[in-house]
Amino acid sequence: MQGIELQSNEIVFEVIGSAEGGYSAHALRHRIFTEGEDWEDLKAMVRDAVLCHFEDTDIPTIARLEYARVETITI
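Residues numbered from 1 in each chain as written. Predicted model: local features only at pLDDT ≥ 70, side-chain atom pairs only at ≥ 80, totals over all residues. Heavy atoms only, no water.

Trainee: Which parts of the structure should I look at to understand the pattern of salt bridges?
Mentor: Pairing is possible between side chains that carry opposite charge, provided their charged atoms lie close to one another. Inspection of every chain in the model, using the stated rule, returns three salt bridges. Salt-bridge contacts for Arg-64 lead to Glu-10; the nearest nitrogen and oxygen are separated by 2.9 Å. With Arg-64 in strand 4 (residues 62–67) and Glu-10 in strand 1 (residues 10–17), this pair connects stretches of sequence that are 54 residues apart. Exposure remark for Arg-64: the relative accessible area of 25% places this residue in the partly exposed category. When its relative accessible area of 12% is taken as the criterion, Glu-10 is described as buried. Salt-bridge contacts for Arg-64 lead to Glu-66; the nearest nitrogen and oxygen are separated by 2.9 Å. By relative accessible area, which is 18% here, Glu-66 ends up buried. Members of the salt-bridge network, linked through shared partners, are Glu-10, Arg-64 and Glu-66. (Salt bridge = Lys/Arg side-chain N within 4 Å of Asp/Glu carboxyl O. Helix = DSSP H or I, 4+ residues; strand = E, 2+ residues; numbered from the N terminus. Buried < 20%, exposed > 50% of the residue type's maximum accessible area, 1.4 Å probe, protein only.)

As structure tokens, then:
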């Protein structure tokens, strides 16, 4: 996820699946972390976390969720 070009009104979250189920997300350039039980719940939690983190005038209008599936298998 290096080299991401951001718009001034955008915040990017890296999303990973949890081994226990659900998802966790952390913002790439801010100290914001949240979790959700499913994809829809995660989106709601990201929205809430962003609104809580920023001042009224500095709130990004776009949150980009970047999800990469990582799976380990035994050989």
